[in-house]
Amino acid sequence: MVTFTLNGQERTFDGDPDTPLLWVIRDFEKLTGTKYGCGVAQCGACTVHLDGMPRRSCVTPVAMIEGSEVVTIEGISGTEADAVKTAWTGLDVPQCGYCQSGQIMSAVALLQMVPKPTDADIDGAMAGNICRCATYHRIRAAIHNAASSMEG
Amino acid sequence: MNWKLALTGVAALCLFVGAGTLLSPASVAQDAKTLKPAASFQSIANERERSVALFQEAGKVIQHPRCVNCHPATDRPLQGASMHPHQPPVFRGDGGMGLPGMQCTTCHSAENTPVVGQADTIKSIPGNPAWHLAPIEMAWAGKSLAQICQQIKDPARNGGKTMDQIVEHMAHDELVGWGWKPGAGREPVPGTQAEFGELITAWVKSGAACPAS
């Protein structure tokens, strides 16, 4: 039995301890905002926050998260999340949208760590989030906009 | 002369030679997966030659992709037996732990993690509690064993370690030890960490001589 916090609520999982966290989130908790892309931490679509840090849930066995706090796109909140939401809608960042929950989780984590990121900071933090619609230019601009909106 | 018998003899000889030819690569392959015991180098009377031979044997570990991939010459780790640049593109960052928002722990755990429902080419994500890159001054990629040998002895390029600390690091460090248990889908470095530690110990005791090239 694994006990953890999901978006602020205590949850338990008593299935196979090797089950990837992504499966638990989507199939058992029915939170389908977090996406399956590659299954091997190559694309970033499954990014969640694990104890406040970005983490690829597809390569995270649920046994690893005993006692941890997991936040998904459904539960992300706070100054950075609000700024990112406003910036994302302001620029209509998504095209097909499949990768965007992962993009947003990585962007929020970056802004929590680096409130005013440079292009290089953005490249470094977002390099593991692939977008087949190539919305990268809007993602970068939206992160800058979110950072600017948090100033002052 | 019985031609039938003669031909059978030739055929048998061909088979014999053929078998020998086949055995050679197999024994070489086996040699690459094991380490000769440090004690077996005692037969080399000249101490300097013995020391060099010990380090060359240890070099089978040191120059293996499992070790060199995290001793890259740039800020980007290497990956796989082919030692290609790490995918996704990740970079050194503070303490070799990655950049803000894309640290090693975004994907790597405290242990090797099997992946489910994937192609045979990717069986697990490697992991260790101390997962990080070696500092840039300890870069090994692209260097000869002789250059790496000099580097390992140089406190300015070995993390300020004494030779005793080098022995301890090689013989007992947990992240070094990961090389022998790298997880499904990755070839371990040759031999065992204990055998490797004995080779390094014997190398240091014999004067820590380096190969000429």
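Residues numbered from 1 in each chain as written. Chains lettered and ligands numbered in written order. Predicted model: local features only at pLDDT ≥ 70, side-chain atom pairs only at ≥ 80, totals over all residues.

**Some details on the domain arrangement of chain A**
All names here are of chain A. In terms of domain boundaries, chain A breaks down into domain 1 (2–71) and domain 2 (79–150). A C-alpha centroid distance of 21 Å is found between domain 1 and domain 2. If you look at the interface, domain 1 gives 13 residues, while domain 2 gives 10 residues. Elements represented by at least two residues in the side of domain 1 that touches domain 2 include exactly β3 (47–50) and β4 (53–56). It is β3 that contributes the most residues to the side of domain 1 that touches domain 2, 3 residues altogether. Each residue belonging to the side of domain 1 that touches domain 2 can be placed in one class, and the counts come to 6 nonpolar, 6 polar and 1 charged. (Domains from an automatic or database assignment. Contact = placed C-beta atoms within 7 Å. Helix = DSSP H or I, 4+ residues; strand = E, 2+ residues; numbered from the N terminus. Nonpolar A, V, L, I, M, F, W, Y, C, P; charged D, E, K, R; others polar.)

**What to know about the interface of chain A and chain B**
Between chain A and chain B, the contact holds 23 residues from the first and 21 residues from the second. If you list the elements that add at least two residues to the side of chain A that touches chain B, you get β4, α3 (100–113) and α4 (119–126) of chain A. Classifying every residue of the side of chain A that touches chain B by side-chain character gives 14 nonpolar, 5 polar and 4 charged.

**Quick notes on unusual backbone geometry**
With the exception of glycine, most residues fall at negative phi, and the peptide bonds are largely trans. Of note, the bond from Gln87(B) into Pro88(B) is cis; its omega dihedral lies within 30 degrees of zero at -5 degrees. Residue position: Pro88(B) is located in the loop between β2 (84–85) and β3 (98–99). If you check the backbone angles, Asp92(A) has positive phi at about 50 degrees while not being a glycine. By the secondary structure assignment, Asp92(A) is in the loop between α2 (79–90) and α3. With 10 C-beta atoms packed within 10 Å, Asp92(A) lands in the exposed category. Its identity is not glycine, yet Ala208(B) carries a phi of approximately 50 degrees, on the positive side. By secondary structure assignment, the location of Ala208(B) is in the segment after α7 (193–205). (Buried ≥ 20, exposed ≤ 12 C-beta atoms within 10 Å, placed from the backbone.)

**Looking at the packing of helix α2 (residues 47–62) of chain B against α7(B)**
All names here are of chain B. With their axes 9 Å apart at the nearest point, α2 and α7 run at an angle of 150 degrees to one another. Viewed along their axes, α2 and α7 adopt a mutual orientation that is roughly antiparallel. At the point where α2 passes α7, the crossing takes the left-handed sense. Of the residues in α7, those touching α2 at Ser 51, Leu 54, Phe 55, Glu 57, Ala 58 and Val 61 are Phe 196, Leu 199, Ile 200, Ala 202 and Trp 203. In terms of residue class, the contact of α2 with α7 is made up of 9 nonpolar, 1 polar and 1 charged. (Axes fitted to C-alpha atoms, helices over the stretch in contact; angles between N-to-C directions. Parallel < 35°, antiparallel > 145°, perpendicular 65-115°, else oblique. Left-handed = near helix turned anticlockwise from the far one by under 90°.)

**Considering the sheet that holds β4(A)**
Sheet strands pair by backbone hydrogen bonding; their relative direction is either parallel or antiparallel. All names here are of chain A. Taken in spatial order, the 5 strands make up an open sheet running β2-β1-β5-β3-β4, and their pairing is mixed. The sheet is open, and its two edges are formed by β2 (9–13) and β4, each paired on a single side. For this sheet, the mean angle separating the axes of adjacent strands, direction not counted, is 40 degrees. Both strand β1 (residues 2–6) and strand β5 (residues 69–71) contribute to a ladder of 2 bridges, which runs parallel. Its bridge partner lying in β5, Leu 6 is registered against Val 70. Where α3 meets the sheet, its contacts fall on β3 and β4, and the angle it forms with β3 comes to roughly 40 degrees. (Pairing = 2+ DSSP bridges.)

**So, helix α5 (residues 136–150) of chain A**
Counting along an α-helix, one turn takes 3.6 residues, and residues three or four places apart therefore face a common direction. All names here are of chain A. Between its terminal C-alpha atoms α5 stretches 21 Å, which fits the 21 Å expected from 15 residues at 1.5 Å a residue. Ile 139, Ala 142, Ile 143, Ala 146 and Ala 147 are the residues of α5 that are buried. The buried residues of α5 occupy an angular sector of 140 degrees when projected down its axis, which confines them to one face. Across from the buried face of α5, at angles greater than 90 degrees, the exposed residues are His 137 and Ser 148. On the buried face of α5, the contacting elements are α2, α3 and α4. (Expected span 1.5 Å × (residues − 1). Arc of directions from axis to C-beta.)

**Observations regarding the pairing of β3(A)**
Residue and element names in this part refer to chain A. With burial as the criterion, each face of β3 is covered, one bearing Thr 47 and His 49 and the other bearing Val 48 and Leu 50. Pairing of β3 with β4, which is carried by 4 bridges, proceeds in the antiparallel orientation. For Thr 47, the partnering residue across the bridge sits in β4 and is Arg 56. As paired elements, β3 and β5 share 2 bridges and run antiparallel to each other. Bridge pairing in β5 places Leu 50 opposite Val 70.

**Some details on α2(A)**
Residues and elements named next belong to chain A. In this model, α2 (12 residues) spans 16 Å end to end at C-alpha, consistent with the 16 Å of a helix rising 1.5 Å per residue. For α2, every residue scored as buried is listed here: Glu 80, Ala 81, Ala 83, Val 84, Ala 87 and Trp 88. Looking straight down α2, one finds its buried side chains confined to an arc of 160 degrees; they lie on one side. Where the residues of α2 are buried, they touch α3 and α5. Taken from the residues just after α2, Asp 92 is the one with a positive phi, measuring 50 degrees.

**Notes on the nonpolar core**
Of all hydrophobic cores here, the largest spans 53 residues; its most connected members are Val84(A) and Val108(A). Of all the secondary structure elements, the ones that give two or more residues to this core are β1, α1 (21–28), β3, β5, α2, α3, α4 and α5 of chain A. If you tally residues by element for this core, the top one is α3(A), at 7 residues. Both of domain 1 (2–71) and domain 2 (79–150) of chain A provide at least three residues apiece to this core. With residues near it in sequence (within four places) discarded, Val108(A) still touches Ile76(A), Glu80(A), Ala81(A) and Val84(A). In terms of nonpolar packing, the next biggest core, distinct from the first, is built from 26 residues, Ile152(B), Val176(B), Trp203(B) and Cys210(B) among them. (Core = buried A, V, L, I, M, F, W, Y, C linked by C-beta atoms within 7 Å.)

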